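Chain by chain, the residues run as shown.
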Amino acid sequence: MYPAGIATPSAPTRRPGGDRRCGIDDVRQRRSHTRDLGQAATGVIVIGSDVVGAAIVYALARNNIRVTCIDLEVHGAGVAGSAFGWIGTAPTGSQLHRDAIADFHALDTDLGGALSVSWAGSLTWLRTPEDTESFVRTQQGLGFPTEAVDAEGFTRLEPTLGSRPEIAAYAPHEGSVAPGRMRRTLLATAQAHGARVVEAAVSEIAVGSDARAQVFSDAGVLHARYVVLANGLGVPRLAAQVGTVLAVESAPAIRYAFRTSAQLSRRVLSGPDYEIRPWHRGTYLGAESYTATDDPYRPVRRVHRALEAIRRDFGLRNALELMDLRVGFRPMPTADRSYLGTLPTAPQVLVACMHSGVTLAPAAARRVLHHILGTAELASI
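Remember, it's a predicted structure, so these values are computed and weren't measured experimentally.

Draft legend 1. How the structure looks around the overall build of the chain. When helices and strands are counted, the chain shows 9 helices and 18 strands. Sorting the 381 residues of the chain into buried and exposed places 54% on the buried side. As displayed, the chain offers around 16600 Å² of accessible surface, 49% of which is attributable to carbon and sulfur atoms.

Draft legend 2. Broad picture of a nonpolar patch on the surface. On the surface, a cluster of nonpolar side chains totalling about 230 Å² of accessible area is made up of L233, V327 and F329. Within the element layout of this structure, V327 appears in strand β16 (residues 321-333). Given a relative accessible area of 30%, V327 falls into the partly exposed group.

Draft legend 3. Fine view of the layout of surface pockets. Roughly 350 Å³ of volume is contained in the second largest pocket. Around the second largest pocket sit 22 residues that line it, and G81, P179, G180, R181 and R184 are the ones nearest its centre. Among the elements that make up the lining of the second largest pocket, the one with the highest residue count is helix α6 (residues 179-192) (8 residues). In terms of residue class, the lining of the second largest pocket is built from 10 nonpolar, 6 polar and 6 charged.

Draft legend 4. The arrangement of the nonpolar core in detail. Of all hydrophobic cores here, the largest spans 49 residues; its most connected members are V44, V46, I56, L60 and M182. With 10 residues, the single largest contributor to this core is helix α2 (residues 51-62). Apart from residues lying up to four places away in sequence, V44 is in contact with L60, I65, R66, V67, T68, A224, Y226, V228 and I372. Counting 27 residues, the second-largest nonpolar core is a separate cluster that includes I205, V215, A224 and A346.

About the cut-offs
Residues numbered from 1 in each chain as written. Predicted model: local features only at pLDDT ≥ 70, side-chain atom pairs only at ≥ 80, totals over all residues. Heavy atoms only, no water. Helix = DSSP H or I, 4+ residues; strand = E, 2+ residues; numbered from the N terminus. Buried < 20%, exposed > 50% of the residue type's maximum accessible area, 1.4 Å probe, protein only. Areas by Shrake-Rupley, 256 points an atom, 1.4 Å probe, with all protein chains shown as cover. Patch = residues over 30% accessible without salt bridge, like charges linked within 9 Å, V, L, I, M, F, W, Y side chains within 5 Å. Salt bridge = Lys/Arg side-chain N within 4 Å of Asp/Glu carboxyl O. 1 Å grid on protein atoms, 1.4 Å probe; cavity = no way out; pocket = protein on both sides within 12 Å on 5 of 7 lines; lining within 4 Å. Points joined across faces, edges and corners; volume = space filled by probe spheres on them. Nonpolar A, V, L, I, M, F, W, Y, C, P; charged D, E, K, R; others polar. Core = buried A, V, L, I, M, F, W, Y, C linked by side-chain atoms within 4.5 Å. Contact = heavy atoms within 4.5 Å.

Given below as structure tokens:
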């Protein structure tokens, strides 16, 4: 269990390209002009304030651990501003994914429902019925309560969709959330519990033999017993400074909002031609992955193809009104894995970088919390 009442589910090293890892004394000599934000080490410094970082800051502050969150875009939208917000279960065998839904329920309960999660489930269908059936079997094999529904069952769940797949995967346990609201709620509540939030760019991290770490930023120097790297695409640069090479790719994705007078989906619908979910009254969100090119109009064309497929499948006469379109760049660790653990070259430095961050944030935060409390250990990455 979370100690604060959140229930849970059942020796210098070599630096790449340099002679040795940067130590505290080395950096202090170079940065002696920098204002020190406090000689006494805080418990934890979390670098990154997006959904994963915000969840970690909240879990630590909620359990009376001194924590400082630092990010250049504390008051910006971050990756969360362009996230779709599907709380889904990926077909992987990791325990992190297995615990994701239960941890999300526990977090929302602890916040008194402030996240306004919709647990309406999802319907997914692939290009062929055989592919969809295989997907259902995989999800079931991993223990996710997913069931195959035929066209008649689909109609009972989504009566307004005219062009129905022959078979779809129904996941009643899944949901959706507004990622931006989730991030803001977590940070604000963490601050109410005593977390410090600093808006600044981090230039460097260093560790020393005294088991302390330092974070150098344009706001000054911060000291900590632990540093958590939760800054997405910025993780590899900082990890390399203490001798660990991590591979994180930038995966572009489109999130768009559109309006229609017709009632469309009641839950997340994910098909081969579009992915949509309800948003506000009369408006819906859509999401599309794509490969970045030099063509600046490619995202717009991709969205209009999806809108036309939605209009076709729902039998709508009028075109859908596109309200908003934004492209976000998701941090995607290579080999379809999650980075959640300590750095082998610096055990004081933890990494929390994963996809999907919205789904996995509560489960990742619980693991980081228990590692810092000493009640469970994160493995070395």
